[in-house]
Amino acid sequence: MKMYVGNLSFQTTKQELEDLFSQYGTVTDAHLPEDRETGRPRGFAFITMDSKSAMEDAIKALDGTEFGGRNLKVNEAKPREDRGGGGGGRGGYGGRR
């Protein structure tokens, strides 16, 4: 049961998120993506809990609440869309003149 947690302070740690969400059930994973170039947090996280009811309780309790000086956005994570493998396109130089 994975949740998206947005609008995080860049100083928020994995441990702080685990502590916050564990009030509503068992946290099985916490992932804070980092920017590839700077290594800094990107301002959002994914929290996985052990049950749907724990996830729903956490969403109800924490969505819109203040944490680290910012109002959290918490909702069920949606499956990642396939963004394709790039390539494609024909450029812009073909055609007749």
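Criteria and cut-off values
Residues numbered from 1 in each chain as written. Predicted model: local features only at pLDDT ≥ 70, side-chain atom pairs only at ≥ 80, totals over all residues. Heavy atoms only, no water. Helix = DSSP H or I, 4+ residues; strand = E, 2+ residues; numbered from the N terminus. Buried < 20%, exposed > 50% of the residue type's maximum accessible area, 1.4 Å probe, protein only. Contact = heavy atoms within 4.5 Å. Polar contact = N/O pair within 3.5 Å; in protein donor to acceptor, adjacent residues only side chain to side chain. Phe/Tyr/Trp six-rings, centres within 6.5 Å; stacked < 30°, edge-to-face > 60°. Lys NZ or Arg CZ within 6 Å of the ring centre and 35° of its normal. Pairing = 2+ DSSP bridges. Axes fitted to C-alpha atoms, helices over the stretch in contact; angles between N-to-C directions. Arc of directions from axis to C-beta.

Chemist: Quick rundown of the overall build of the chain? Include the residues and the values.
Modeler: Per the secondary structure count, the chain includes two helices and six strands. Written out in order from the N terminus, the α and β elements of the chain read β-α-β-β-α-β-β-β. Classification of the 97 residues of the chain by burial places 29% in the buried group. Taking contacts inside the chain between residues at least 6 apart in sequence as the whole, the part at least 24 apart equals 61%.

Chemist: How would you sum up the side chain of Thr 48? Please name residues and give values.
Modeler: Its place among the elements puts Thr 48 in strand S3 (residues 44–49). What Thr 48 contacts, discounting residues up to four positions off in sequence, is Met 1, Lys 2, Thr 26, Val 27, Thr 28 and Asp 29.

Chemist: Before we move on, can you summarise the environment of Asp 35 with the specific residues and values?
Modeler: In this structure, Asp 35 sits in the loop between strand S2 (27–31) and S3. A residue is classified by how much of its surface remains accessible, and Asp 35, at 32% relative accessible area, is partly exposed. Dropping the residues within four chain positions of it, Asp 35 is found in contact with Arg 40 and Arg 42. Within polar-contact distance, the side chain of Asp 35 engages the backbone nitrogen of Thr 38 at 2.9 Å.

Chemist: Residues and numbers for the packing of aromatic side chains, please.
Modeler: Tallying each qualifying case throughout the model produces three aromatic pairs. Through a chain of ring-to-ring contacts, the aromatic side chains of Tyr 4, Phe 44 and Phe 46 assemble into a single cluster. Directly above the aromatic system of Phe 46 lies the positively charged group of Lys 2, at a separation of 5.7 Å from the ring centroid. Over the aromatic face of Phe 10 sits the side chain of Arg 40, whose NZ or CZ is 5.0 Å from the ring centroid.

Chemist: Lay out the pairing of strand S1 (residues 2–6) in plain terms, naming residues and giving numbers.
Modeler: For a regular strand, side chains alternate in direction, first toward one face of the sheet and then toward the other. Note: S1 against S3, five bridges, orientation antiparallel. Its bridge partner being in S3, Tyr 4 is matched across the sheet by Phe 46. Sheet topology note: the S1/strand S6 (residues 73–76) ladder contains four bridges and is antiparallel. By the bridge assignment, Val 5 is partnered in S6 with Val 74.

Chemist: Outline the sheet that holds S6, supporting the account with residue identities and numerical values.
Modeler: Here we have four strands laid out as an open sheet, ordered S2-S3-S1-S6, and antiparallel in their pairing. Because the sheet does not close on itself, it has two edges, and the strands there are S2 and S6. With strand direction ignored, the average angle separating the axes of adjacent strands in the sheet is 20°. Seen against the sheet, helix H2 (residues 52–62) touches S1, S3 and S6 and runs at an angle of roughly 155° to S6.

Chemist: Residues and numbers for H2, please.
Modeler: Owing to its 3.6 residues per turn, the α-helix aligns residues three or four sequence positions apart on the same side. Here H2 has its buried residues at Ala 54, Met 55, Ala 58, Ile 59 and Leu 62. Here the buried residues of H2 occupy an arc of 135° about the axis, which is enough to place them on one side. For H2, the elements touching its buried residues are S1, helix H1 (14–21), S3 and S6. At the exit of H2 stands Gly 64, carrying a positive phi of roughly 90°.

Taken by themselves, the reported measurements are silent on function.
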